[in-house]
Amino acid sequence: MNIAQIVWNSRPSFKDRPVLIVDDQPIAFDDLADQVQRLTGALRSRGIGNGDRVVLAMNNCTEWMVSILAVLGSGAICVPTNPGLRPPEMRNIANHCEPKLAILDADLVGHFSEAKTEFETIVRGGGGDNDWQTVVSGSTLDAFVADVPDSAPALIFYTSGTTGVPKGVLLSHGAEIFAAHMVAKHVGITSADRSIVMGALAFIYPLIINALASISGGASVVLQARFHPQLAADAIRRHQVTIMMGVPTMYVMLMNYADTGGECDLSSIRVAFSGGASLPDALVKRGKASLGFNIFDLWGMTECTPVTTFDPKRESAGHPDSCGRALPGCAFKIVDDDLKECAVGTVGEVMLTGPLIMTEYYKNPVATAETMIDGWIRSGDLGMTDKNGFLYIVGRKKDLIIRGGANVYPVDVEEALYTHDGVAECAVIGKPDDVFGEIVKAYVVRKRDAIGIKELIDYCKTKLADYKVPSEIEFIDELPKGPTGKILRRELRELSSHR
């Protein structure tokens, strides 16, 4: 089945309700369908069909949703591209995937000007014959959705490159249909819900787990052009949003906004999920106090998202510092360096599997072979499980700090720091040291300037073993973050190396 069919199958749920709310404007299903079918006709008239790659680089908007449904419906492969990337990064993506067409915001056209491969463009706000609105309004309706096997390629997401050169994660129609339907059922999404999308649709979490899962369950989607705590809080209040999915940074910013007197009535939220980075239990408790609801952690990766979380229908809250159990149809295991399964309670690398795993890294068989082993994906994350099947992520393998031969997991130190009422955000790295090999260094964003380094170090001594206590703490105005809100430890390591 084609991913686009998810939306068409949900049509009966939106007879009297908008399928999207964008910039406070309700978008009726029939209006969305008309645009999708016209753009599908335009794509087919340009020869776009099965297997062709189409780059989609726009900020969140109605046209974004119309475009991906038309691209997938035509049988082509969509390459969602973060609009925040720099020109060299966008050119690299185009050179690698060799698109036949790109659908772009006008201010992004120049980003692809030096790409080696040639392709047509449809430009939102570009004017002229290839203007998005002109193309759509001047095309005939094409209601045919390409019937493709579940294994057919559908999406290529280029990873953020935290471990090197970005790789194109190729995902099938069947994998993402499974993910959307499974999440909708697990969360219990119905037509009574409204779901807010705060992250860029160019990433798998906001697109599949949030937007398409919500629509498949019959929920209207409140689409935000960008994340800002006040804008998100206002939208949740005005539209009585019930489902919220974000990354820890978004929740921290909402907490800070609420704690400093911002109008933050989020009482309509019935379930909130966090993914993309570790969620310390101290943040969960602070969220309950500041925002009024529990935040459920989930875990996965672009190559297989999501894999674990909690069941909000059965549990009123998560489990401290855990990201839950394996979701229906998914599985994980903890392995040692030889890929042998570890005993319960032992830290090792997390491997995962399920119907939603990637097909391959596009045009990269070496990386595929290194990551996919007998149907399991190597995550690069370190974790452990308990006797009840709960998963605990303790960090990335490359982020492990070895101080004097003892392993220090950054998340343990960050958890301790987050319990201090003066810490807004923090991140912990290892810093090279002649004596210990590495020492623990923490970067801290303060809530108030009166907090000193000695105070925080002394506080950590009451929470942590001596070898885990930060040897250095540096205050910073803002932690460096990637496009999905993940804290970029590599930039902190680079900053530390120059200190």
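Rules behind the numbers
Residues numbered from 1 in each chain as written. Predicted model: local features only at pLDDT ≥ 70, side-chain atom pairs only at ≥ 80, totals over all residues. Heavy atoms only, no water. Helix = DSSP H or I, 4+ residues; strand = E, 2+ residues; numbered from the N terminus. Buried < 20%, exposed > 50% of the residue type's maximum accessible area, 1.4 Å probe, protein only. Polar contact = N/O pair within 3.5 Å; in protein donor to acceptor, adjacent residues only side chain to side chain. Pairing = 2+ DSSP bridges. Phe/Tyr/Trp six-rings, centres within 6.5 Å; stacked < 30°, edge-to-face > 60°. Lys NZ or Arg CZ within 6 Å of the ring centre and 35° of its normal. Axes fitted to C-alpha atoms, helices over the stretch in contact; angles between N-to-C directions. Contact = heavy atoms within 4.5 Å. Arc of directions from axis to C-beta. 1 Å grid on protein atoms, 1.4 Å probe; cavity = no way out; pocket = protein on both sides within 12 Å on 5 of 7 lines; lining within 4 Å. Points joined across faces, edges and corners; volume = space filled by probe spheres on them. Nonpolar A, V, L, I, M, F, W, Y, C, P; charged D, E, K, R; others polar. Expected span 1.5 Å × (residues − 1). Salt bridge = Lys/Arg side-chain N within 4 Å of Asp/Glu carboxyl O.

*Asks:* Mind showing me how you'd approach the side chain of Asn-82 here?
*Replies:* Note that Asn-82 resides in the loop between β4 (77–80) and α4 (87–97). Looking at Asn-82, the relative accessible area reads 11%, which means it is buried. A polar contact of 3.0 Å, which involves the side chain of Asn-82, links it to the backbone nitrogen of Gly-84.

*Asks:* What's the story with the sheet that holds strand β16 (residues 325–326) in this structure? I'm lost.
*Replies:* Strands in a sheet are paired, the pairing made by backbone hydrogen bonds, and the direction either parallel or antiparallel. Reading across the sheet, the 3 strands line up as β14-β15-β16 and stay open at both edges, with antiparallel pairing between neighbours. A strand with exactly one partner marks an edge of an open sheet, and here the two such strands are β14 (299–301) and β16. Examined bridge by bridge, strand β15 (residues 304–309) and β16 share 2 bridges and lie antiparallel to one another. Bridge pairing in β16 places Thr-309 opposite Arg-325.

*Asks:* How do you make sense of the packing of aromatic side chains when you look at a structure like this?
*Replies:* One pair of aromatic rings is described through two measures. These are the centre distance and the angle between the planes. In total, this model carries 6 aromatic pairs according to the counting rule given. Cluster of aromatic residues (ring-pair linked, three or more members): Phe-273, Phe-296, Phe-310 and Phe-390. Across from the ring centre of Tyr-361, 5.1 Å away, lies the NZ or CZ of Lys-167, which sits over that ring. Lys-333 extends its terminal NZ or CZ atom over the ring of Trp-376, reaching a point 4.4 Å from the ring centre.

*Asks:* Is there a simple way to explain the sheet that holds strand β9 (residues 194–197) in this structure?
*Replies:* In space, the 7 strands of this open sheet follow the order β2-β1-β10-β9-β11-β12-β13, with mixed pairing throughout. Each edge of the open sheet is held by one strand with a lone partner, namely β2 (25–27) and β13 (295–297). Recorded for the sheet is a direction-independent mean angle of 25 degrees between the axes of neighbouring strands. Where β9 lies against strand β10 (residues 220–223), 4 bridges are found, and the strand directions are parallel. Bridge pairing in β10 links Val-197 to Leu-223. Packed onto the sheet, helix α7 (residues 204–216) meets β9, β10, β11 (243–246) and β12 (271–274) and runs at close to 160 degrees relative to β9. Packing of helix α8 (residues 229–239) onto the sheet brings it into contact with β1 (20–22), β9, β10 and β11, and relative to β9 it is tilted by some 165 degrees.

*Asks:* Honestly, helix α13 (residues 453–461) in this entry has me stumped. Any pointers?
*Replies:* Residues spaced three or four apart along an α-helix point in a common direction, a consequence of the helix completing one turn every 3.6 residues. Buried within α13 we find Leu-456, Ile-457 and Cys-460. Here the buried residues of α13 occupy an arc of 100 degrees about the axis, which is enough to place them on one side. Elements that come into contact with the buried residues of α13 comprise α12 (410–418), β25 (423–433), β26 (437–446) and β27 (472–475).

*Asks:* Help me out: how do you make sense of empty space enclosed by the protein in this one?
*Replies:* The method is simple in principle: a probe with the dimensions of a water molecule rolls over the atoms, and the space it marks as empty is what remains. Throughout the structure, instances matching the rule amount to 2 cavities of 30 Å³ or more. One number sums up the size of the largest cavity: a volume of about 60 Å³. In terms of lining residues, the largest cavity is bounded by Val-183, His-186, Val-187, Ile-209, Met-245, Phe-273, Leu-298, Pro-306, Thr-309 and Leu-327. In terms of residues, the lining of the largest cavity owes the most to one element, helix α6 (residues 173–187), which gives 3 residues. Considering only residue class, the lining of the largest cavity consists of 8 nonpolar, 2 polar and no charged. Its volume calculated, the second largest cavity comes out at about 40 Å³. Lining the second largest cavity are Trp-8, Val-36, Gln-37, Thr-40, Leu-69, Gly-73, Asp-142, Ala-143, Phe-144 and Val-145. Elements with a contribution of two residues or more to the lining of the second largest cavity: α2 (29–45) and α3 (62–73). Top element by residues in the lining of the second largest cavity is α2. It accounts for 3 residues. Residue composition of the lining of the second largest cavity, grouped by class: 6 nonpolar, 3 polar and 1 charged.

*Asks:* Before we go on, may I ask you to explain α3 in this structure?
*Replies:* Spanning 12 residues, α3 covers 17 Å between terminal C-alpha atoms, matching the ideal 16 Å at 1.5 Å per step. For α3, the tally of buried residues reaches 12 of 12 residues, placing the bulk of the element in the interior. Of the residues flanking the end of α3, it is Gly-75, one or two places downstream, whose phi is positive at about 95 degrees.

*Asks:* It is not clear to me how the environment of Ile-177 should be interpreted in this structure. Could you clarify?
*Replies:* For Ile-177, the position within the fold is in helix α6. The spatial distance from the C-alpha of Ile-177 to the C-alpha of Ile-6 is 7.4 Å, given a sequence separation of 171 residues. Those residues in contact with Ile-177 that lie beyond four places of it in its chain are Met-1, Asn-2, Ile-3 and Ile-6.

*Asks:* Explain the pattern of salt bridges to me, please; I cannot follow it from the model alone.
*Replies:* Once their charged atoms are close, side chains differing in charge can pair, the charge on each being opposite to the other. Under the definition given, this model contains 31 salt bridges. For Asp-399, the salt bridge is made with Arg-489, and the minimal N-O distance between the two is 3.5 Å. Remark: Arg-489 occurs in helix α14 (residues 489–497) and Asp-399 occurs in the loop between β22 (391–396) and β23 (401–403); sequence separation between them is 90 residues. Since its relative accessible area comes to 17%, Arg-489 is described here as buried. Among the ionic pairs, Asp-412 bridges to Lys-468, the shortest N-O distance being 3.6 Å. A residue pair is termed long-range when its members are at least 10 positions apart, and Asp-412 in helix α12 and Lys-468 in the loop between α13 and β27 qualify at 56 residues.

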